[in-house]
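# Summary of the model geometry
Chain by chain, the residues:
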Amino acid sequence: MDTKIIGQGYNLDADTSVAKELIEQFNSKRYDSFTCLVAFASFGGISALTPYILAEKERGVKVKIILGIDQKGTSKEALEEVLAWGVEAKIYHTQSVNIFHPKIYLFENTDIFTLIVGSNNLTTMGLVKNIECSLLIKDTKGEHTVHNDFYVYWKSILDGVDVNLMPITQELIDELYADKLIPTESERTDKYDNGRDRTSSTGASRRVNFNGAKIQRNPEGFVPKRRQVKAKRVTKTKNASNPSQPIITVSEESLLVNGEEVLIAEIGGGPRWKQVNFPVEIFENFFGAERGNNSYNIELMNIAQDGSLGEVEVRQAVSVRSHNYRFEIHCTETEGAYPGNNKRPIGLFVKIDNDQFLYQVLLHNHPAYKKIKKYLYADSSVRRQDELRRHIVHIEAIHALYPELVI
């Protein structure tokens, strides 16, 4: 029997995660059965496994998925993605106070099995980013093995005869959503995947302040699906008959947006205010940079006020000894003089991927400026009165405040 601990989210140099182990087992092509019993599932976690499940299904692998929906930990979109897999998939749920809470992943063939059991839910955070721990056991099958004990204990569920099991269908998903037993993906993310400490609605400062920590990146091959949205692109071309009047064309362009994180950030003053400084926690955890490493680049694309998209800007991460951590931005708004500390510009930075971002700069005369600023001041805390405000929110919060934003 082989065993090993799968640590995750803490010692990042180890580069281990349950997502990485799952991909390794799927890619091995040595198993003819995959079973999982998991409490919570998100669209990101489920969709990242879609290509592997479909490939295994094509090979004839038997796939069995048992998910829980307690505490609104599984989203409507996650269940719909599982339904699209076309495999044996059920929900386990009761009205009792105890909840369905296992996190079990089992690969097996005629002779051997690999079992992963621990704290990792079927979510992007649970499979990669949260600080988690699981145990992997690999052994041959037999009467006196963990494999046999697993099947004995969970027999009724695995055989599909437990009265609290329901096959996943679109009708069931719609009814669960109507009964408010499952949330949308955005509602689920706001509840579970925004782990940052929140301040009170009055904006009072925290009594206890904890440090931030670096977040583990997705392993190679683990690619959660992102929502596809439309953005306007305005292009100008020369008018041969009247050169002074260019031809303006407005078209829609699809953007893959992860639908989760948006950084709202006040931008500080000075003649070089296009060089936007950030706290080191945001510099590293949101933008993926590393203090002291000026070789890291991100890609930025500006959203103009008319909804048009600018060109891709490749920007270097700059960190200096004075503890400034910054990226430079260029857009129409930054071409003018700094408007003043009482009218600080607000930047909206939308994460598309680990190193790709959309951004828009709001000046004080923008229609959405007052709403965004009020929200930012209510939901962020500062240690000094002159400190710049920053807050990371779900995209739906921005849409509620600023519906016209094209993301």
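Scroll up to find the structure this text is about.
Treat the numbers as computed from the prediction; the structure is a model and nothing was measured.

The rules behind each value
- Residues numbered from 1 in each chain as written.
- Predicted model: local features only at pLDDT ≥ 70, side-chain atom pairs only at ≥ 80, totals over all residues.
- Heavy atoms only, no water.
- Salt bridge = Lys/Arg side-chain N within 4 Å of Asp/Glu carboxyl O.
- Helix = DSSP H or I, 4+ residues; strand = E, 2+ residues; numbered from the N terminus.
- Buried < 20%, exposed > 50% of the residue type's maximum accessible area, 1.4 Å probe, protein only.
- Pairing = 2+ DSSP bridges.
- Axes fitted to C-alpha atoms, helices over the stretch in contact; angles between N-to-C directions.
- Parallel < 35°, antiparallel > 145°, perpendicular 65-115°, else oblique.
- Left-handed = near helix turned anticlockwise from the far one by under 90°.
- Contact = heavy atoms within 4.5 Å.
- Nonpolar A, V, L, I, M, F, W, Y, C, P; charged D, E, K, R; others polar.

The next subject is the pattern of salt bridges. All told, the structure shown has twelve salt bridges when counted by the stated rule. We note a salt bridge from Lys4 to Glu21, for which the minimum N-O separation is 2.7 Å. Of this pair, Lys4 sits in strand E1 (residues 2–8) while Glu21 sits in helix H1 (residues 18–28), and the two are 17 residues apart along the sequence. On the accessibility criterion, Lys4 (38% relative accessible area) is partly exposed. Of the residues examined, Glu21 reaches a relative accessible area of 9% and is grouped as buried. Overlapping salt bridges bring together Lys29, Glu56 and Arg59 as one network.

A few words on the sheet that holds strand E12 (residues 275–278). Judged by pairing direction, the sheet is antiparallel, and its three strands sit side by side in the order E12-E16-E15 without closing on themselves. Only two strands of the sheet have a single partner each, and these edge strands are E12 and strand E15 (318–319). Pairing of E15 with strand E16 (residues 325–328) involves two bridges; the strand directions are antiparallel. Of the residues in E16, the one forming a bridge with Val318 is Arg326.

A few words on the packing of H1 against helix H2 (residues 43–59). A pair of packed helices is captured by two measures, namely the crossing angle of their axes and the spacing between those axes. Where H1 meets H2, the closest approach of the two axes is 10 Å, and the angle between their N-to-C directions is 25°. Classified by the angle their axes make, H1 and H2 are roughly parallel. H1 and H2 meet at a crossing whose hand is left-handed. Residue-level contacts link Leu22, Ile23, Phe26 and Asn27 of H1 to Leu49, Tyr52, Ile53 and Glu56 of H2. Residues that form the contact of H1 with H2 fall into these classes: six nonpolar, one polar and one charged.

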